[in-house]
Each structure stands twice: as C-alpha cells, then as structure tokens.
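Below are the chains, spelled out letter by letter.
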Amino acid sequence: MISYNLSMEFKTIIEPFKIKSVESLPITTEQERRGFLEREHWNVFGLKSQEVTIDLLTDSGTGSMSSEQWAAIMRGDESYAGSHSWQRFNEVLSDLTGYKHIIPTHQGRASEKILATISVKEGDIIPSNSHFDTTRANFEFAQSNPIDLLCEEGLDLLSPAPFKGNVDLEKLEELLKGPESNKIPFVLMTITNNTGGGQPVSMDNLKKVKELCTKYNKMFLLDACRFAENAWFVSQREEEYKDVEIREIAKEAFRLADGCTISLKKDGFGNIGGVLALNDDAMAEAARNLLILTEGFPTYGGLAGRDLDALAQGLKEITDKNYLEYRARSISYLAEKALSYDIPVVQPAGGHALYIDAKTFLPNIPPHEYPGHSVACEIYLIGGVRAVELGTLAFGVANENGEPDTPATHELVRLAAPRRTYTQSHFDYVAEVLEKLAEKKDKLKGYKILEQPKLLRHFTAKLKPLK
Ligand code: F0G
C-alpha cells in the first residue's frame, strides 16, 4: 500500500490534543451483543448507543468540541436578529470562502433542499464527480437528473491513484457542449468525495472544472463538507501545493467556485449546522426568502446563537495541520492493518473513513445476501464496533416475486471516524477486531430481508442470518 503521509518523524501517532472531559464507553460481552442485534432484527441502526463500544457509523455531527468551542457556546448571543454570534459566524465563513452571501442552515441537506428549490427545474441535469445521497435525493425530488462523472481511477476501488475524487473532464465537457447543455444550471463538485470512499479532488481538477464552466457559461458550486481534509490531501499529493498553508489551499478552492453547500457537522467541527454560500445576489435573495419559510431568519437559519459561535470557532480550528495529519494517519493506519490481515479496502485510505470491499472479501456471499451487512454485523458481534453497509442493502433495488435484488455497483462497509473522539488505542482495538474478522472470514454467512420499507430500506429493514 502506498502511504502518502510520510512527514511525521515518529511511528507513534499521537492525538494533537489532551482530554479535559470524558465519557464512558460501554464494554459488553459477545453474548450481550448477539442479544442486542437479535432484538433489533440484525440491523445495527436499531442499536442503542450505550450498546456500542466504538461507534464508527458516521463522522457527521459526532466529533468532540474543543475547550475554545465550549467557551464559544457560553458567548452565544440568542438575539433573534443580528446576533453577535451570527456576525462571528458570518465573518469566519466570509473570510474562508470569499462568497458574498453566507446563509446559515441547520444541516447540509437543508442547504441542498433550498438550492434545489431555487435553482433547479424539471428535466435539468446536474453533473458532479459524485453526488452524495441526500444531494441526489434533493435534486431528484426537484424532478432533475443528477449525474455522476467520476474519473476512471475513482471507479477502481483498489487502485492507489492520488486523486480518485476527480471528475472525468472529457465526459464533463461532452455534456457541457452537448445538445442538452441548456438544461445544466450548474456543475457541483463534492470535496472530498464521500460516495467514492472519501477520496480527494485535486486543485488541478477543480481549476479545469472552473475553466470549463467559464467556457460554457455555467455556475460552479462545491459540496464542501470535507474541505479541510481535501486541502490536506492536496498539500500532501500535489507538488505545487506542498509548501502552501492548508487554510490557503482551502481558500483558493472556494474561490474557484461561485458558491457552496456545507454540512458543518463534518469539517465545521460541529454537532449540528450547515451553510449555503453564494455570490449571486438574485439567488441569495431567493434562498433567504425560502430560508425564512423553512429554517428561520437569515441571521440564524435553524441554529441557536451558541451553535453559530461553536461553528465559527470550529471553522478556525479545522485547518490545523497537526490535527489533519493525525486524522489522515489514523485512517491510513487502519487501512494498513486491514490490508495486513488480507482484508481488501478502498485505496488509498480516504479522509474520513475506512471502506472495506466486502464483495472481494466475501466472494461466496452474493450481493442479494448482503456481504457488506454480514461484515457490519460480524464486527459488531466481535467487538461492539458499529459500521455501516454501503452496498446492495443500502443502494440495491428490491425486485418483486421473490427475484433477487438488483445489486449495487459496490459492496462496501464504511468505518467512519468521528473527529477528535477516539484515541490511537481505540484504533488499535478496531484493528484487532478486524484481525478477528479476517480469521472468521470463511464462517461468515449471508442475510435475508424479512421486512423492508420502500425507501432508504437499510435504516429500518428487518433481517435474519442465513444458515
Ligand atoms: N454532502 C456530503 C458529501 C455528505 O457526506 C453529507 C452527509 C451531506 C452532504 C449531508 O449533510 O447530513 O448535514 O444533512 N453525510 C453524512 C455521512 C450523513 O454519514 O456521510 P447533512
């Protein structure tokens, strides 16, 4: 495996913070865990948090705040309009992104919903490297057609290319100059690409997307949930940026585009929050009018003043090089361990999560028996580690008359790391769980769905293990 993060002088990864406030972790027995999963019909989403020892379900809103953020919480000004907290939030985001209009929302998908409502019509086409699920769902709800144009390397899970989140520029240009060009309101780039394994997009790719958007007179937007992690990878892998400050790289990326949506539950270091930022005056006015209807007044947008202040502080902290290095190294450490146990993982390791390729790991379990789900249940049984299946259970299509599901493209299991929450020994523990998973590989069985809803079935489906 190629490691791109070689700059640390020591083998030991240390957390670049010390701990001031702690929360107990539940330690359970395998017998108890089996009981919990059985009770929840073998769906890890049903588990109570006190039944999970290490929770790697998501990195969204699950991070730890710094003492400065907690201090900022106390500074929170809860005035309905024009609060001081809003001013601080606005100032940090204006400086970071350079966009003229900063519109706060309660989380990423609220920004997406507003964007889709004000700027997308039926039949429109929205090209992207990869749309995240909620982004896709919001554009589809607006009767438009979100299209993924990920580069070739990105489609190959196991190839170690440096920028597997890049968009395929040729395909993008074909679409932009093609007969349906007038149906494209904007191009949306997701940095980093969550759907493709947390893979980064190069500055070179972003610059070329901007050139194409200028040439064909299209707006260019970012889904920038993990903008700091993306900037970190750029600093490590793109020669031109190796001596540039992370924050400067992030600023430059934002300034290539005309606006962005961000879920601040990721690289905002927040437990809640989002933003829609735009340069266009008319769009911003339409967005604010809708915001008042659905989120709140434009100086709080669904957030308490104290949340705005915690986010303003978090957004200052997130581009810290030491933090980003520790974060990337924790994930690549887990990936190296997994590979050493012959567990295939998406390579190179992404920014926020380890992705196990369950299709390659368990070739004997077909997609309609959910190999990824089998892995997710097993790592919970082994060590109380909660992960999420991103394969046929999440994205496959259930067919009528007992026909097997139409499978998803990949069978992945995501172990996402909450920010500043778990320590190196927790990652060592997860690695040991993976080692035991590899030892049990031949004993793993598929699953059968007993009950499922029509939409987003993986959250609530009831399953049972096959004999
Ligand atoms: N865009 C990306 C790239 C995301 O990863 C997410 C959320 C969103 C938009 C939506 O933001 O949750 O604040 O409404 N991703 C979470 C995850 C849910 O687990 O990856 P949100």
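For clarity, every value in this text was computed on a predicted model and none was experimentally measured.

**Side note on the site of the ligand**
With respect to spatial proximity, 17 residues lie near the ligand, and among them Thr58, Arg109, Ser263, Lys266 and Arg414 are the closest. Arg226 places a side-chain nitrogen or oxygen 2.9 Å from an oxygen atom of the ligand. At a separation of 2.6 Å, an oxygen atom of the ligand approaches a polar side-chain atom of Ser263. Taking 470 Å² as the accessible area of the ligand by itself, protein coverage stands at 93%. The residue inventory of the shell around the ligand, partitioned by class, reads two nonpolar, eight polar and seven charged.

**Description of the pairing of strand 7 (residues 259-263)**
Across the five residues that make up strand 7, a large majority, five, are buried. With burial as the criterion, each face of strand 7 is covered, one bearing Gly259, Thr261 and Ser263 and the other bearing Cys260 and Ile262. Alignment of strand 6 (residues 219-223) against strand 7, held across three bridges, turns out to be parallel. Residue Leu221 lies in a different strand from strand 7, and its bridge partner there is Gly259.

**Structural notes on the pattern of salt bridges**
Per the counting criterion, the structure on display carries 30 salt bridges. Note that Glu180 and Lys183 form a salt bridge whose closest N and O atoms lie 3.0 Å from each other. Judged by its relative accessible area of 37%, Glu180 is partly exposed. Relative accessible area serves as the criterion here: at 33%, Lys183 is assigned to the partly exposed category. Note that Lys207 is salt-bridged to Glu252, the shortest N-O span being 3.9 Å. In this pair, Lys207 is assigned in helix 8 (residues 203-215) and Glu252 in helix 10 (residues 246-256), connecting sequence segments 45 residues apart. Residue Lys207 is classed as partly exposed on the basis of its relative accessible area, which comes to 24%. Because the salt bridges share partners, they merge into one network encompassing Asp59, Arg226, Glu229, Asp267, Arg327 and Arg419.

**Considering unusual backbone geometry**
For the bond from Ile191 to Thr192, the omega torsion is -20°, close enough to zero to count as cis. Relative to the helices and strands, Thr192 is located in the loop between strand 5 (186-190) and helix 8. For His41, which is not a glycine, the phi torsion comes out positive at approximately 55°. As for its placement among the helices and strands, His41 is situated in the loop between helix 1 (30-39) and strand 1 (54-55).

**Focus on the sheet that holds strand 11 (residues 388-390)**
Taking strand neighbours across the sheet as the criterion, the three strands line up as 9-12-11 in an open arrangement whose pairing is antiparallel. Each having just a single partner strand, strand 9 (353-357) and strand 11 make up the two edges of the open sheet. The mean angle between the axes of side-by-side strands here comes to 30°, regardless of whether they run parallel or antiparallel. Pairing analysis gives three bridges linking strand 11 to strand 12 (residues 412-416), with the strands arranged antiparallel. Along strand 12, the bridge assignment pairs Glu389 with Val413.

**Quick notes on helix 2 (residues 67-75)**
Buried residues of helix 2: Gln69, Ala72 and Ile73, and no others. Buried residues along helix 2 cover an arc of 110° about the axis, so they all sit on one side. The inward-facing, buried residues of helix 2 abut helix 12 (305-317).

**Examining the domain arrangement of the protein**
Partitioning the protein into structural domains gives domain 1 (30-59 + 321-465) and domain 2 (67-317). Look at where the C-alpha atoms of domain 1 and domain 2 centre, and you get two points 27 Å apart. Contacts between the two partners involve 24 residues from domain 1, matched on the other side by 27 residues from domain 2. A buried area of about 2,200 Å², summed over both sides, lies between domain 1 and domain 2, and 58% of it is on carbon and sulfur atoms. When residues of domain 1 are sorted by the area they lose upon contact with domain 2, Leu324, Pro348 and Arg419 head the list and together hold 25% of the total. For the pair domain 1 and domain 2, the number of links is five salt bridges.

**Overview of the pairing of strand 6**
Among the five residues that make up strand 6, five are buried, leaving the element largely enclosed by the rest of the structure. Here strand 5 pairs with strand 6 via five bridges, running parallel. Bridge pairing in strand 6 links Thr190 to Asp223. For the segment spanning strand 5, helix 8 and strand 6, crossover handedness is right-handed.

**Section: the layout of surface pockets**
As a volume, the second largest pocket reaches approximately 260 Å³. Its residues assigned to classes, the lining of the second largest pocket comprises six nonpolar, four polar and four charged.

**Regarding the environment of Arg288**
You can see Arg288 is positioned in helix 11 (residues 281-294). Each C-alpha atom of the pair Arg288 and Glu40 lies 42 Å from the other, and the pair is 248 residues apart in sequence. Leaving out residues up to four positions away in the same chain, Arg288 has contacts with His101, Ile102, Ile103 and Pro298.

Analysis parameters
Residues numbered from 1 in each chain as written. Predicted model: local features only at pLDDT ≥ 70, side-chain atom pairs only at ≥ 80, totals over all residues. Heavy atoms only, no water. Near = heavy atom within 4 Å. Polar contact = N/O pair within 3.5 Å; in protein donor to acceptor, adjacent residues only side chain to side chain. Areas by Shrake-Rupley, 256 points an atom, 1.4 Å probe, with all protein chains shown as cover. Nonpolar A, V, L, I, M, F, W, Y, C, P; charged D, E, K, R; others polar. Buried < 20%, exposed > 50% of the residue type's maximum accessible area, 1.4 Å probe, protein only. Helix = DSSP H or I, 4+ residues; strand = E, 2+ residues; numbered from the N terminus. Pairing = 2+ DSSP bridges. Salt bridge = Lys/Arg side-chain N within 4 Å of Asp/Glu carboxyl O. Axes fitted to C-alpha atoms, helices over the stretch in contact; angles between N-to-C directions. Arc of directions from axis to C-beta. Contact = heavy atoms within 4.5 Å. Domains from an automatic or database assignment. Buried area = accessible area lost by both parts, 1.4 Å probe. Right-handed = clockwise from strand over helix to strand, strands pointing away. 1 Å grid on protein atoms, 1.4 Å probe; cavity = no way out; pocket = protein on both sides within 12 Å on 5 of 7 lines; lining within 4 Å. Points joined across faces, edges and corners; volume = space filled by probe spheres on them.

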